[in-house]
Amino acid sequence: MIQVENLHYTYPGNDKETIKGMNFTVRAGEIFGFLGPSGAGKSTTQKILFGILKNYSGSVILNKIEIKKVTSDFYETIGVAFEFPNFFNKLTALENLNFFRSLYQSKTLDPVELLSAVGLEQDKDVRFERYSKGMKARLNFCRALLNDAEILFLDEPTSGLDPVNQKIVKDIIRQQKSQGKTIFLTTHNMHVADEVCDHVAFITDGQINLIDSPQKLKVENGERKVKVEYYQNGNLKNQFFSMNNLADNEPFREILKNYRIETIHSQEATLEEIFIKTTGKRLI
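Residues numbered from 1 in each chain as written. Predicted model: local features only at pLDDT ≥ 70, side-chain atom pairs only at ≥ 80, totals over all residues. Heavy atoms only, no water.

1. Quick notes on the nonpolar core
The condition is simple: What we call a nonpolar core is a set of buried Ala, Val, Leu, Ile, Met, Phe, Trp, Tyr and Cys residues that are connected through their side-chain atoms within 4.5 Å. Note on classification: 1.4 Å probe, protein chains only; a residue is buried when its accessible area is under 20% of the maximum for its type, exposed when over 50%, partly exposed between these limits. Here a helix means four or more residues in a row that DSSP labels H or I, a strand means two or more in a row labelled E, and each is numbered from the N terminus. Residues count as neighbours in contact if any of their non-hydrogen atoms are within 4.5 Å of one another.
Formed by 44 residues in total, the largest nonpolar core has its most connected members in Leu-115, Leu-139, Phe-141, Leu-154, Ile-173, Phe-202 and Leu-271. The element best represented in this core is helix α4 (residues 133-145), accounting for seven residues. Look past the residues within four positions of Ile-173 in its chain and what remains in contact with it is Ile-31, Phe-141, Leu-154, Pro-157, Ile-183 and Leu-185. Ranked by size, the runner-up nonpolar core spans 28 residues in total, among them Ile-19, Leu-49, Leu-62 and Ile-78.

2. Brief notes about the packing of aromatic side chains
For clarity, the threshold we go by: The criterion for an aromatic pair is that two Phe, Tyr or Trp rings (for Trp, the six-membered ring) have centres within 6.5 Å, with stacked assigned to planes under 30 degrees apart, edge-to-face to planes over 60 apart and tilted to the rest. Should the NZ of a Lys or the CZ of an Arg lie within 6 Å of a ring centre and within 35 degrees of the ring normal, that charge is described as sitting over the ring.
Within the structure shown, the criterion is met by 20 aromatic pairs. Measuring from ring centre to ring centre gives 5.2 Å for Phe-34 and Phe-184, while their planes differ by 45 degrees; the resulting arrangement is tilted. Of this pair, Phe-34 sits in strand β3 (residues 31-35) while Phe-184 is found in strand β8 (residues 182-187), placing the two residues 150 residues apart along the sequence. A single burial state applies to Phe-34 and to Phe-184, both of which are buried. Ring centres of Phe-99 and Phe-100 lie 5.4 Å apart, and the angle between their planes is 70 degrees; on these two criteria the pair is classed as edge-to-face. A relative accessible area of 14% places Phe-100 in the buried class. Here the aromatic residues Phe-24, Phe-32, Phe-34, Phe-50, Phe-82, Phe-153 and Phe-184 are joined through ring pairs into a cluster of three or more. Residue placement shows Lys-136 over the ring face of Phe-128; its charged tip is 5.1 Å from the ring centre. Lying across the ring of Phe-100, Arg-143 places its NZ or CZ 4.4 Å from the centre.

Have a look at this one:
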């Protein structure tokens, strides 16, 4: 669905490249996470992908069409949620969505149903200027879904949301995938990426350092051990065991047989630990 080859981009007036020879592929129907700290080039790459920034070199193909050659019909097929929402302050949430709805020639989804899905139905007649940061983020997410697009570009879709509303948005993203949508998600939140993405790319300084599935990355970079927490004489203890031939490990079996188990955890690495190990940088 998305094929990027040898992508370079320099902002006008700058001597230094922002994007430095990127290569990646996003398959149809997958959630692809673009992960990196602020200033890494995530949003710049995304803006190139949906045609805002055009003076790039290399090849950027979406749905078999080079992005430089797309016509206005292309924008009927994509949905975009920018990191910083841009709405009309004096219009209500519903009025804003109805305005953006009017810009599409193709069939759109019911704005009230979208607002209800993210918990904003009761606030649909409230002006945008009175919305909190989290409410604005959820409204922005609704706008991306409005035209029922084949490809969704979501820039930090859970930023500013409390845990309850983060879960709502993540569930809707998974639902969109189940409907066959392709989702390109940029974030510096590794927990969100781990939970929803099929593949992730680590990006720093305009370059991709690593691409793989979160599960494969965590397993390959973790330790093949399990940590067992158990109670012995009223005291919580813990012990580590190799996962190799674990069923035949007599001390492990004795603990399972004789003590009350509190937790058993495998020791795979987190995406953030892998990111730091791969790039030498922290997510900020």
